[in-house]
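# Per-entry structural report
As a plain string of letters, each chain reads:
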Amino acid sequence: MMGKNDTPLELSAVGATGAAGANAVGNMPPISKYDNVSPRHNMSVRIASLVMRGVVYLGAIVATAVLLLIVGYILINGVPYITPSLFEWEYTSENVSLMPALIDTVLMAACSLIIAVPIGVGSAVYLVEYAPRGSRFVRIVRITTETLQGIPSIIYGLFGMLFFVTALHWGLSLLSGACTLAIMILPTIMRTTEEALLAVPDSYREGGFGLGAGRLRTVMRCVMPSAAPGITSGIILALGRCVGEVAALLFTAGTIAQIPNFVGQGAFAFLDSCRTLAVHMYVLASEGLHMNETYATAVVLLVVVTVLNLAANVAIKKLRKD
Amino acid sequence: MNDNGAAVLPSKTEPSRTELDSLVSLEIEQELDSAFSKMEVNNLNLYYGEFHALKDVSLSFPKNEVTALIGPSGCGKSTLLKTLNRMNDLVVGCRVDGKITLDGEDAYRDISVNDLRRRVGMVFQQPNPFPMSVYDNIAFGPRTHGIKKHADLDEIVEQSLRRAAIWDELKDRLKKSALGLSGGQQQRLCIARALAVQPEVLLLDESTSALDPISTAKIEELVSELKNDYTVIMVTHNMMQALRVSDKTAFFLLGDMVEFGNTDELFTNPVDPRTADYVSGRFG
Amino acid sequence: MRPASVKEAAAKIMFAAAATISILAVALICVFLFANGVPAIAEIGLPEFLLGTTWKPNSGMYGIFPMIVGSIYVTAGAIIIGVPAGVACAIFLSRFASGKVASVLVPGIELLAGIPSVVYGFFGLMLVVPFIRNTMPSRGLSLLAAAFILGIMILPTIITVSKSALDAVPSKYYEGALALGATHERSVFRVLVPAAVSGIMAAIVLGVGRAIGETMAVVMVAGNQPIIPTSIFEGVRTMTSNIVLEMGYAADLHRGALIATGVVLFVFIMLITALFNAIKKNEVSR
């Protein structure tokens, strides 16, 4: 079978000398360079190992220390100043209430997600479930998504200012800000949705088609449910970006600390300027008059971000479990 | 009491002439035995967590011979192999009981793990050349063990590749990535890499199972030649291969070593009926 | 057509339309940015704009060379500070940490990634800047402060991307090195890390992209003088800061020059993205 002619019995009977004797390899001198190795080599191995391990542990310690330092510093300085006046309904330059900013943040994030999620999820569904894999269209969309992902938020801010604020005459407004953020978070949602869809085994799709369901029904009923946790974690990540964003909002949503007046103006309230929590914090910090309240605002911001992070982790865990 | 004492005494007195002769010859035999035995395994028990993977295994691997470990999947033969160079240390929850010696030294206590692995080289089931050049692959081991001079390294690389019978194929592409080689070449490169640290024992863990028949034949031929300088211990699924290449064979079943002996005897005239079943079943 | 197939066709068109939006978005961003920035560059003159060392909008001098250099300095500083710690931490998480330690540290790194840049900036302003002012010959608001804060900010990017590159290296390389008698440390540093080097490079490039595009944290700690700094203790202004500082009140050519600064930044980012993709491609083909 292996192309050797010796019968097994012969080979083992001949033993140590027979098979090898015919070949020159047996006569080779031993590799002897090891005699020259310094006797201190073992010591240097041990030292090198210690140094490498030290470097690696140091890196981990630095990362941990930085995290603890930032979070600890903000919490210690901010928590004592979380007072009821910080949560008063109306913002005044005395109470520097973060309540309007908090509500604006919720509004802003909700609006941008309402715009970005259908588009992002829809295009991911198209790329994964509909488009022929590797087609030119898919490639172009991939490239543009990667491009969008790399663009810094200040560029989104500039674009939002030029397009939504100026060209579309929406002014500094909730709507301009939300549209700008929607484009900014679009690649995050597309990417995570795509990954979640690709992770769904093809057998689920075959199951749907096998029952005679159309593509739409198959995607909605068989694929989406098991991709949902992954998509959710992507949406939460995007939400986190909305909450923390400043540069993209300064010149699109403005910095006015008010809640858009939906009761009085109806839909026109979307064209009101507003400031999110992060913008609020930036304005407070740059005014430099209410440092304690700025710390407190930072604490609230950190809490929101941490809660979102935890939620995303829970969603990912659920995905893994399935 | 006195009776007992009297009964013990005679054995402590001078042995008779014939007794002495037989003792001497026994001693010589043992000496010869240990001279020919490179590695020994004594009462080895190995557990993966609760699972008892090797049960009271004892055997000795003769010097400059090829020993094959055979048996069905999960019988413990690969586990035993990985215990010989302590690669099992990587497995979480793995516990080893018993004694393994290399030239009489306790492999788990007297020898540092890095030294042990240098002296007991290993070639894996899947060829695993590092993603670097052919030269750097071979030189990795020597550099690890303190060889720094370029001339020395050059010489070791050439010698190792020659020993692995792949020098002629690779001498013009030493600086090329090892990942561009064929599977068979990669495996022989891995053998050369193992030889470059001047091992005494070479462990082959089903090292031909991922290869085509021609590459397999080349490696079998190589193994038959290498045993002049090294003690070879190989795990194989392929009984024909054990027959073709090995001098001694050990048959394992469910963690027990059922039978150990000369390869031809074990295959043609097995003592244990289970060995007979396995060997003949495979041939049948 | 049956209603079901109408619904199918409509759905397909809807999904395809959604997919074109990202193309549309990139196109619009390019058009609006270039249409508003390029005329300003033309009016100022490309060499004067890119290489001019004086930024005095009131006197009609629009040289952004100090800002370009500033961005590069600040980014380089961030890389020097962030990359060694980040890669070391990634190696730790990938090959040294026990499961327990990793399960605490990884969420911590994710939190670090989620902290808004304005919080980083504020932290820098309140703790790092005073520290530099009190211990070094500097007013505090400086290149050093900006590089330090950015170095921290790119840590999570470097760590997560490097870690996944290291995790992706097959364990057979590691085992092969151990079987030759190499120590755990040597196996990791001499076999695993080189095998993951293109992934680590990709992580660094991503970090560069993040650092050069970061705005708010830099504005808060860098001092923002539009001159080329001669030491790390001096203030510095980046392209991003230039835009955010003056956009609020700029008009006419001044406004155009700021948008043109955005165009230059955009081109930088495109080059970095292209570099990143080249590295990725190289990794896949290996």
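Sequence positions are assigned chain by chain, starting from 1 and proceeding in written order. All chains are assigned letters beginning at A, and all ligands numbers beginning at 1, according to the order in which they are written. Local features are withheld for residues below a pLDDT of 70 in this predicted model, meaning they are given only at 70 or higher, and side-chain atom pairs are given and counted only at 80 or more; totals for whole chains, interfaces and linings count all residues. Hydrogen atoms and water are omitted, and side-chain values are computed over all heavy atoms in the structure.

Runs of H or I in DSSP of at least four residues are treated as helices and runs of E of at least two as strands, each being numbered from the N terminus. Per the secondary structure count, chain C includes twelve helices and two strands. Start at the N end of chain C and walk to the C end: the helices and strands fall as α-α-β-β-α-α-α-α-α-α-α-α-α-α. Judged by the C-alpha coordinates and their principal axes, chain C covers about 80 × 70 × 30 Å. Where accessible areas are quoted, they stem from the Shrake-Rupley method and a 1.4 Å probe; at the residue level, only the protein chains shown are allowed to cover. When the accessible surface of chain C is totalled, it reaches about 11,300 Å², and 69% of it is carbon and sulfur.

We now examine the nonpolar core. Ranked by size, the top nonpolar core spans 271 residues in total, and within it B:Leu161 and C:Ile29 carry the most contacts. Take this core: its biggest share by element is 15 residues, from helix H3 (residues 99-130) of chain A. Here the limits of each domain have been adopted from an automatic or database domain assignment. Of the domains in this structure, domain 1 (30-81) and domain 2 (89-321) of chain A are the two that each give at least three residues to this core. Whether two residues are in contact is decided by their heavy atoms: any pair within 4.5 Å suffices. Those residues in contact with C:Ile29 that lie beyond four places of it in its chain are A:Leu148, A:Ile151, A:Ile155, A:Tyr156, A:Phe159, A:Ile183 and C:Phe266. The next biggest cluster of nonpolar side chains, apart from the first, holds seven residues, and it includes C:Ala202, C:Ile212, C:Phe276 and C:Ile279. Residue types Ala, Val, Leu, Ile, Met, Phe, Trp, Tyr and Cys, when buried and joined through side-chain atoms within 4.5 Å, form a set referred to as a nonpolar core. Working definition: with a 1.4 Å probe on protein chains only, accessible area under 20% of the residue-type maximum means buried, over 50% means exposed, and in between means partly exposed.

Let us now look at the packing of helix H4 (residues 136-150) of chain A against helix H6 (residues 174-198) of chain A. Residues and elements named next belong to chain A. Here H4 crosses H6 at 125 degrees, and the two axes come no closer than 8 Å. Taken together, H4 and H6 sit at an angle that is classed as oblique. In terms of crossing hand, the pair formed by H4 and H6 is left-handed. Contacts between H4 and H6 involve Val141, Arg142, Thr145, Glu146, Leu148 and Gln149 from the first element and Ile183, Pro187, Thr188, Met190, Arg191 and Glu194 from the second. Classes in brief: Ala, Val, Leu, Ile, Met, Phe, Trp, Tyr, Cys and Pro nonpolar; Asp, Glu, Lys and Arg charged; the others, Gly included, polar. Its residues assigned to classes, the contact of H4 with H6 comprises five nonpolar, three polar and four charged. Only the stretch in contact is used when a helix axis is fitted, and all axes are lines through C-alpha atoms; the angle between N-to-C directions ranges over 0 to 180 degrees. Small angles under 35 degrees read as roughly parallel and large ones over 145 as roughly antiparallel, with 65 to 115 read as roughly perpendicular and the rest as oblique. By definition, any crossing whose near helix is turned counterclockwise from its far helix by less than a right angle is left-handed, and any crossing with a clockwise turn is right-handed.

Our focus in this paragraph is the domain arrangement of chain A. Where interface size is given, it is often the accessible area lost as the parts come together that is meant. All names here are of chain A. Entries for chain A in the domain assignment read domain 1 (30-81) and domain 2 (89-321). The distance between the C-alpha centroids of domain 1 and domain 2 comes to 39 Å. Opposite the eight residues of domain 1 that make contact, domain 2 presents six residues. Here the quantity called buried area is the total loss of accessible area, with a 1.4 Å probe, experienced by two parts when brought into contact, counted for both. Taking both partners together, domain 1 and domain 2 bury about 680 Å²; carbon and sulfur atoms supply 80% of that area. The rule for a salt bridge is simple: a side-chain nitrogen of Lys or Arg has to be within 4 Å of a carboxyl oxygen of Asp or Glu. Viewed at the interface, domain 2 and domain 1 are joined by zero salt bridges. Polar contact is the term for a pair of N or O atoms within 3.5 Å; when the atoms are in protein, one must be able to donate a hydrogen and the other to accept it, and sequence-neighboring residues count only if both atoms are side-chain atoms. Linking domain 1 with domain 2 are one residue pair in polar contact (both at pLDDT 80 or more), by the criterion used here. A per-class count over the side of domain 1 that touches domain 2 returns six nonpolar, two polar and no charged.

This part covers a nonpolar patch on the surface. Patch definition: residues with relative accessible area over 30% and no salt bridge; like charges joined within 9 Å; nonpolar side chains (Val, Leu, Ile, Met, Phe, Trp, Tyr) joined within 5 Å. A contiguous nonpolar surface patch, about 360 Å² in accessible area, is contributed by A:Met43, A:Ile47, A:Val51 and A:Val55. Mapped onto the fold, A:Val55 is located in helix H2 (residues 41-78).

Turning our eyes to something else, we now look at the packing of aromatic side chains. Two rings belonging to Phe, Tyr or Trp (six-membered ring only in the last case) form a pair when the distance between their centres is within 6.5 Å. Interplanar angles under 30 degrees mark stacking, angles over 60 mark edge-to-face geometry, and anything in between is tilted. For the coordinates displayed, the defined rule picks out 18 aromatic pairs over all chains. Here B:Phe130 and B:Phe140 contribute two aromatic rings whose centre-to-centre distance is 5.1 Å and whose plane-to-plane angle is 65 degrees, an arrangement assigned as edge-to-face. Remark: B:Phe140 occurs in helix H5 (residues 134-144) and B:Phe130 occurs in the loop between strand E6 (120-123) and H5; sequence separation between them is ten residues. B:Phe140 matches B:Phe130 in its accessibility class, with the two residues each being buried. For the pair C:Phe34 and C:Phe266, a centre-to-centre distance of 6.2 Å together with 80 degrees between the ring planes defines the contact as edge-to-face. Highlighted residues: C:Phe34 in helix H1 (residues 3-44) and C:Phe266 in helix H12 (residues 252-285), separated in sequence by 232 residues.

This next bit is on the sheet that holds strand E1 (residues 37-48) of chain B. All names here are of chain B. If DSSP finds at least two bridges between two strands, the strands pair. One open sheet holds the four strands; their spatial order is E2-E1-E4-E5, and the pairing between them is antiparallel. What marks the edges here is a single partner per strand, and that holds for strand E2 (51-62) and strand E5 (105-106). Note: strand E4 (residues 94-102) against E5, two bridges, orientation antiparallel. Counterpart to Thr101 in the pairing with E5 is Asp106.

This paragraph deals with the environment of A:Thr218. Residues and elements named next belong to chain A. Examined against the element boundaries, Thr218 turns out to sit in helix H8 (residues 215-244). Thr218 sits 89 residues away from Glu129 along the chain, and the two C-alpha atoms are 9.9 Å apart. Once you skip the residues sitting within four places of it in the chain, Thr218 turns out to touch Arg205, Gly208, Phe209, Ala213 and Val223.

Let us now look at unusual backbone geometry. Unusually for a residue other than glycine, B:Ala165 sits at a positive phi of about 55 degrees. By the secondary structure assignment, B:Ala165 is in the loop between helix H6 (150-163) and helix H7 (167-170).

All names here are of chain C. The predicted model of chain C averages 91 in pLDDT, with 98% of residues at 70 or higher. Every residue is assigned a pLDDT by the predictor, reflecting its confidence on a scale from 0 to 100. Ranking the helices and strands of chain C by mean pLDDT puts helix H3 (residues 65-96) first, with 95, and H12 last, with 88. If you check the scores for this complex, the pTM reads 0.85 and the ipTM reads 0.91.

Let us look at the interface of chain C and chain A. The partner chain A presents 72 residues to the 69 residues of chain C that form the contact. Taking both sides of the interface into account, the surface hidden between chain C and chain A amounts to around 6,200 Å²; carbon and sulfur atoms contribute 84%. Counting the contacts that link chain C with chain A gives one salt bridge. A salt bridge links C:Glu185 to A:Arg53; its shortest N-O distance comes to 2.7 Å.

Our next topic: the pairing of strand E10 (residues 256-262) of chain B. Regular strands place their side chains on alternate faces of the sheet. Residues and elements named next belong to chain B. Note: strand E9 (residues 248-253) against E10, six bridges, orientation antiparallel. Residue Ala250 lies in a different strand from E10, and its bridge partner there is Phe260. Counted along the chain from E9 to the antiparallel partner E10, the turn is two residues long, and its residue Leu254 has a positive phi close to 50 degrees.

For the rest of this paragraph, the subject is the pattern of salt bridges. All names here are of chain B. Across all of its chains, the model carries 22 salt bridges over all chains by this definition. Taking the shortest distance from any N to any O, the salt bridge between Asp247 and Lys227 comes out at 3.1 Å. Taken as a pair, Asp247 in the loop between helix H10 (239-245) and E9 and Lys227 in the loop between helix H9 (213-226) and strand E8 (231-235) lie far apart in primary sequence, 20 residues in all. Lys227 carries the same exposure label as Asp247, and that label is buried.

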